[in-house]
Amino acid sequence: MKGPVVAGGLVLALLLGFVIARSTASPPAAAPAPTAIPSHSHGGATAGDLGGLSLSSAGFTLSPTTTTFAAGATQPFAFRILGPDGKPVTRFAVNHEKLMHLVVARHDLSGFQHLHPEMAPDGTWSIPLTLPSPGIWRIYTDFVTFDATGAQAPVTLAVDATVAGDYQPVTLPAPARTAEVAGMTVTMEGTPAVNATQPLSLRVLASGSPVTDLQRYLGTYGHLVVLRDGDLGYLHVHPETELVGGAVKFWLSAPSSGRYRLYFEFQRAGQVHRVEFTVVVP
């Protein structure tokens, strides 16, 4: 009997040691995800990244002073971000050279704007804002703050603003692989797919030749905002840190089938340019 007892005790000791090790050891490091910050991702975006669907998320709430505008009139737009305690948040992390990205588009996906408001010491953000035409406009606040543990918390909150008048909706342009701006042609290579991360490259040409003097804007060679037609789900993506084959390369995964509008911004000779694409994901 002595042999089985000893063997059984050895097995029990090994099992006990395994349990203790599991309870005290740090968990293994997770593999790097393609998206470091969902709402302001760098190099990739995966399913579930679409934000901007609510005034509140992750305990934070967008509190604007007004949501009524007159068509074509520039007026101050002020807002605060309230934390889980209901108080204005005053601590934000710099993300691509700015503390706050304010993105505006009408519900028909026209009238895109990408702005950067300033914050007062009391946590009030403000910026002059012009909504040029009647309709319902979505205003997105895209930022990184800190949660209760001190960890960075990327958040995108949004509110609808109303511009009174005769609303004339703009038909969403048909899908195309090229777009023109300021004498330049931008070509799009690649197609997003549902739940499958795919490369998407934007190449800038002038007179048929590749542009080789793109400048960094807000820290990268390009910015891509994606809005989903229907609910205006929002995603702001940044590309790989360097040009790839002369193109600005992103990684995208569509969270659902449907139509999307892509807004690509880049800088050349100190001037920021924007082109827009319609993409249909089957």
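What you are looking at is a predicted structure, and each value in this text was computed from that prediction instead of being measured.

A. Focus on the overall build of the chain. Within the chain one finds 1 helix and 21 strands. Scored against the burial criterion, the 282 residues of the chain give a buried share of 44%. Here the contacts in the chain between residues at least 6 apart in sequence split such that 64% fall between residues at least 24 apart. Accessible surface computed for the chain: about 13600 Å², of which carbon and sulfur atoms make up 59%.

B. Looking closely at the pairing of strand β14 (residues 198-206). When strand β13 (residues 184-189) meets β14, the two strands line up antiparallel, connected through 6 bridges. Bridging across to β14, V186 finds its partner in V204. Where β14 lies against strand β19 (residues 248-252), 5 bridges are found, and the strand directions are antiparallel. The residue of β19 that forms the bridge with Q198 is L252. Sheet topology note: the β14/strand β15 (residues 209-210) ladder contains 2 bridges and is antiparallel.

C. Structural detail: the confidence of the model for the chain. Of all residues in the chain, 83% have pLDDT values of 70 or greater, and the mean over the chain is 86. The model gives residues 1-48 a pLDDT under 50, and that stretch makes 58 contacts with residues more than four places away or in other chains.

D. The sheet that holds strand β4 (residues 68-69), seen in detail. Spatial ordering of the open sheet is given by β4-β11-β10-β6-β7, a layout of 5 strands whose pairing is mixed. Each edge of the open sheet is held by one strand with a lone partner, namely β4 and β7 (113-115). Note: strand β10 (residues 135-146) against strand β11 (residues 152-163), 12 bridges, orientation antiparallel. Within the sheet, the bridge partner assigned to G135 lies in β11 and is V163.

E. Quick peek at empty space enclosed by the protein. This model, assessed by the stated rule, comprises 1 cavity of 30 Å³ or more. Contributing to the lining of the largest cavity are L50, P192, V226, L235, L252, S253, A254, P255, Y260 and L262. Split by residue class, the lining of the largest cavity holds 9 nonpolar, 1 polar and no charged.

F. Region of interest: the packing of aromatic side chains. Evaluated as defined, the whole model comprises 9 aromatic pairs. Residues F69 and F77 carry aromatic rings whose centres are separated by 6.1 Å and whose planes lie at 45° to one another, so their mutual orientation is tilted. F77 carries the same exposure label as F69, and that label is buried. Pairing F77 with F79 gives two aromatic rings, centres 5.5 Å apart and planes at 35°, and the pair type is tilted. This pair shows no difference in class: F77 is buried, exactly as F79 is. Against the face of F146 rests R91, its NZ or CZ located 3.7 Å from the ring centre.

G. Quick peek at the sheet that holds strand β5 (residues 74-82). Taken in spatial order, the 5 strands make up an open sheet running β2-β3-β5-β9-β8, and their pairing is antiparallel. Two strands close off the open sheet at either side, each with one partner strand: β2 (56-57) and β8 (118-119). Note that β5 and strand β9 (residues 124-130) share 7 bridges and pair antiparallel. Looking at the pairing, R80 lines up with T124 of β9.

H. Representation of the nonpolar core in the model. Grouped together as the largest cluster of nonpolar side chains are 28 residues, with contacts concentrated most on L224, L262 and F264. Those elements giving two or more residues to this core turn out to be β12 (178-181), β13, β14, β17 (223-228), β18 (234-238), β19, β20 (258-268) and β21 (271-281). Excluding residues within four positions of it along the chain, L224 makes contact with L200, L235, H236, V237, F250, L252, L262, Y263 and F264. Counting 25 residues, the second largest nonpolar core, distinct from the first, contains A153, L157, A161 and V163.

I. Broad picture of the environment of V272. Tracing the backbone through its elements, the reader meets V272 in strand β21. What makes V272 partly exposed here is its relative accessible area of 30%. Between the C-alpha atoms of V272 and Y217, which are 55 residues apart in sequence, the distance is 7.7 Å.

J. Main features of the pattern of salt bridges. Per the stated rule, a full pass over the model turns up 9 salt bridges. Here R268 makes a salt bridge to D213, at a shortest N to O gap of 2.8 Å. In this pair, R268 sits in strand β20 while D213 sits in the loop between β15 and β16 (214-215), placing the two residues 55 residues apart along the sequence. Relative accessible area serves as the criterion here: at 25%, R268 is assigned to the partly exposed category. Judged by relative accessible area, D213 falls into the partly exposed class, the value being 38%. For D231, the salt bridge identified is with R228, shortest N-O distance 2.8 Å.

Parameters at a glance
- Residues numbered from 1 in each chain as written.
- Predicted model: local features only at pLDDT ≥ 70, side-chain atom pairs only at ≥ 80, totals over all residues.
- Heavy atoms only, no water.
- Helix = DSSP H or I, 4+ residues; strand = E, 2+ residues; numbered from the N terminus.
- Buried < 20%, exposed > 50% of the residue type's maximum accessible area, 1.4 Å probe, protein only.
- Contact = heavy atoms within 4.5 Å.
- Areas by Shrake-Rupley, 256 points an atom, 1.4 Å probe, with all protein chains shown as cover.
- Pairing = 2+ DSSP bridges.
- pLDDT = per-residue confidence, 0-100.
- 1 Å grid on protein atoms, 1.4 Å probe; cavity = no way out; pocket = protein on both sides within 12 Å on 5 of 7 lines; lining within 4 Å.
- Points joined across faces, edges and corners; volume = space filled by probe spheres on them.
- Nonpolar A, V, L, I, M, F, W, Y, C, P; charged D, E, K, R; others polar.
- Phe/Tyr/Trp six-rings, centres within 6.5 Å; stacked < 30°, edge-to-face > 60°.
- Lys NZ or Arg CZ within 6 Å of the ring centre and 35° of its normal.
- Core = buried A, V, L, I, M, F, W, Y, C linked by side-chain atoms within 4.5 Å.
- Salt bridge = Lys/Arg side-chain N within 4 Å of Asp/Glu carboxyl O.

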